Amino acid sequence: LLREGACVMLADRDGAALSEVQAGFVQQFGKDVIRTATCDVTDEAQVQAAFNACVCEFGGLDILVVNAGIASSAPIEDTTMELWNRNYDVLAQGYFLTARAAWPLLKAMKDQGGSSVVFIGSKNAVAAAAGASAYASAKAAANHLARCLALEGAPDGIRVNIVNPDAVIKGSKIWDGDWRKERAASNKIDPGEELEAHYRNRSMLKRDVLPEDIAEAAYWLASDMSAKSTGNMINVDAGNAQ
């Protein structure tokens, strides 16, 4: 998006990570087109403050990429209320709060050609996963929210689409923690390089899915190249038979 001329407001609850990413982008694109907002998507006030900051810095909003994420793995009998609620707080309610706060700004873009929202979903939102009911069902809720918003936003020129990744391990904090160990245990394999090979070989194309693959799909949905698309899901998963 930055390479194609966008101004970008980065949001994350991790202030140190925000500063690091901002510094890297400033070196590439200059300081005028990058701003940050520390924001936890489960906090309604912080979400609203992030969009207020976006308006103050850039004057509005015409592209929104909603991609806050966590992951968890547990058999249903071991899924606590805390685990269940955390998945829904981030992946369902967090996406709702983000979209709701953005909505007036997106509607304001109608006379300038409309706006685009991209939800980063998951393969698990459409394909059932054993041992991950909280995560997968919360992702499914977010995906259906996106399709509801596509219907609601169409009269105001707001397009809403979804990218469904699968097993993006490179550069992912989700895969640095317990999720890696849990999924390795679920598949009865070593959590090291064997895990990457497992997901690569599980795909129909036998290829790794990388962060830049997801970025390309999100860019296409944000751009005018997909001007006639709304309510759609693009699977970027190297092929999943299920």
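Read on for a plain summary of the structure. Residue numbers here run from 1 along each chain, matching the order of that chain's written sequence. Totals for whole chains, interfaces and linings use every residue, but because this is a predicted model, local features are given only for residues with pLDDT of at least 70 and side-chain atom pairs only at 80 or more, for both listing and counting. Here the side-chain values reflect all heavy atoms present in the structure, with hydrogen atoms and water set aside.

Describing the packing of helix α3 (residues 81–107) against helix α4 (residues 133–153)
Applicable threshold: Only C-alpha atoms enter the line fits that serve as axes; for helices the fit covers just the stretch in contact. Angles between N-to-C directions range over 0 to 180 degrees. Working definition: helices are DSSP H or I runs of at least four residues, strands are E runs of at least two. Numbering for both runs from the N terminus. Orientation categories follow fixed angle ranges, with anything under 35 degrees roughly parallel, anything over 145 roughly antiparallel, 65 to 115 roughly perpendicular, and all other angles oblique. Rotating anticlockwise by less than a right angle from the far helix to the near helix defines a left-handed crossing, while the corresponding clockwise rotation defines a right-handed one. In what follows, a contact means two residues having at least one pair of non-hydrogen atoms within 4.5 Å.
Across the interface, α3 lies against α4 with an axial gap of 8 Å and an inter-helix angle of 15 degrees. The orientation of α3 relative to α4 falls into the category roughly parallel. Helix-helix and strand crossings are classified by hand; for α3 and α4 the assignment is right-handed. For the pair formed by α3 and α4, the contact residues are L83, W84, N87, Y88, L91, A92, Y95, F96, A99 and W103 on the first element and S133, A134, Y135, S137, A138, K139, A141, A142, L145, L149, E152 and G153 on the second.

Description of the nonpolar core
The condition is simple: In these notes, a set of buried Ala, Val, Leu, Ile, Met, Phe, Trp, Tyr and Cys residues joined through side-chain atoms within 4.5 Å is what counts as a nonpolar core. Relative accessibility under 20% of the residue-type maximum defines a buried residue, over 50% an exposed one, and the middle range a partly exposed one, all with a 1.4 Å probe and only protein chains included.
Counting 43 residues, the largest nonpolar core has V117, F119, V160 and V163 as the members making the most contacts within it. Elements that contribute at least two residues to this core include exactly α2 (44–58), β3 (63–66), α3, β4 (115–120), α4, β5 (158–165) and α7 (211–222). Leaving out residues up to four positions away in the same chain, V160 has contacts with W103, V117, A146, L149, A150, T230, G231 and N232. Grouped together as the second largest cluster of nonpolar side chains are 7 residues, L2, V8, L10 and V33 included.

Quick notes on the pairing of β4
Under the convention used in this document: Paired strands, in this sense, are two strands between which DSSP finds at least two bridges. Throughout, right-handed denotes a crossover for which the path from the first strand over the helix to the second runs clockwise when the strands point away from the viewer.
Within β4, 6 of the 6 residues are buried, which leaves the element mostly enclosed by the surrounding structure. Going residue by residue along β4, you find S115, V117 and F119 tucked away on one face and S116, V118 and I120 tucked away on the opposite face as well. As paired elements, β3 and β4 share 4 bridges and run parallel to each other. Note that in β4 the partner of V65 across the bridge is V118. With respect to chirality, the unit in which β3 leads through α3 into the neighbouring parallel β4 is right-handed. With 6 bridges connecting them, β4 and β5 associate as parallel partners. Considered in β5, the bridge of S116 is made with R159. Where the polypeptide runs from β4 across α4 and back to β5, its parallel neighbour, the crossover connection is right-handed.

Some points on the state of the cysteines
Short version of the rule: Any pair of cysteine sulfurs within 2.5 Å is marked as a disulfide.
In the structure shown here, the tally under the stated rule is 0 disulfides. Cysteine C39 shares no disulfide, and the gap to the nearest cysteine sulfur, in C54, comes to 12 Å. No disulfide involves C54; its sulfur sits 9.2 Å from that of C7, the nearest cysteine.

What about α4?
Operational definition: In a helix, the anticipated span is given by 1.5 Å times the number of residues less one.
The end-to-end C-alpha separation of α4 is 30 Å, in line with the 30 Å expected for 21 residues at 1.5 Å each. Listed as buried for α4 are A134, Y135, A136, A138, K139, A142, N143, A146, L149, A150 and G153.

Points about the pairing of β5
Burial of β5 is extensive: 8 of the 8 residues sit out of reach of the surface. Residues I158, V160, I162 and N164 point to one face of β5 and R159, N161, V163 and P165 to the other, with burial holding for every one of them. Here β5 runs beside strand β6 (residues 233–236); their pairing, made up of 4 bridges, is parallel. Bridge assignment links I162 to a residue of β6, and that residue is M233.

So, the pattern of salt bridges
Test applied: Just to be clear on terms, a salt bridge is a Lys or Arg side-chain nitrogen sitting within 4 Å of an Asp or Glu carboxyl oxygen.
This structure, assessed with the given rule, holds 4 salt bridges. Between E57 and R35 there is a salt bridge, and its shortest N-O distance comes to 2.7 Å. Of this pair, E57 sits in helix α2 while R35 sits in strand β2 (residues 34–38), and the two are 22 residues apart along the sequence. What makes E57 partly exposed here is its relative accessible area of 41%. Exposure remark for R35: the relative accessible area of 24% places this residue in the partly exposed category. In this structure, the salt-bridge partner of R100 is E44, at a minimum N-O distance of 2.5 Å. With R100 in helix α3 and E44 in helix α2, this pair connects stretches of sequence that are 56 residues apart. Judged by its relative accessible area of 42%, R100 is partly exposed.

Side note on the packing of aromatic side chains
We apply this condition: Between rings of Phe, Tyr and Trp, where Trp is taken as its six-membered ring, a pair exists when centres lie within 6.5 Å; planes separated by under 30 degrees are stacked, by over 60 edge-to-face, and by other angles tilted.
Scanning all chains against the criterion turns up 3 aromatic pairs. Ring geometry for F25 against F29: centres 6.2 Å apart, planes inclined by 50 degrees, an arrangement best described as tilted. Of the two residues, F25 and F29 are both situated in helix α1 (residues 15–29); the distance of 4 residues between them amounts to about one turn of the helix. With a relative accessible area of 25%, F25 lands in the partly exposed category.

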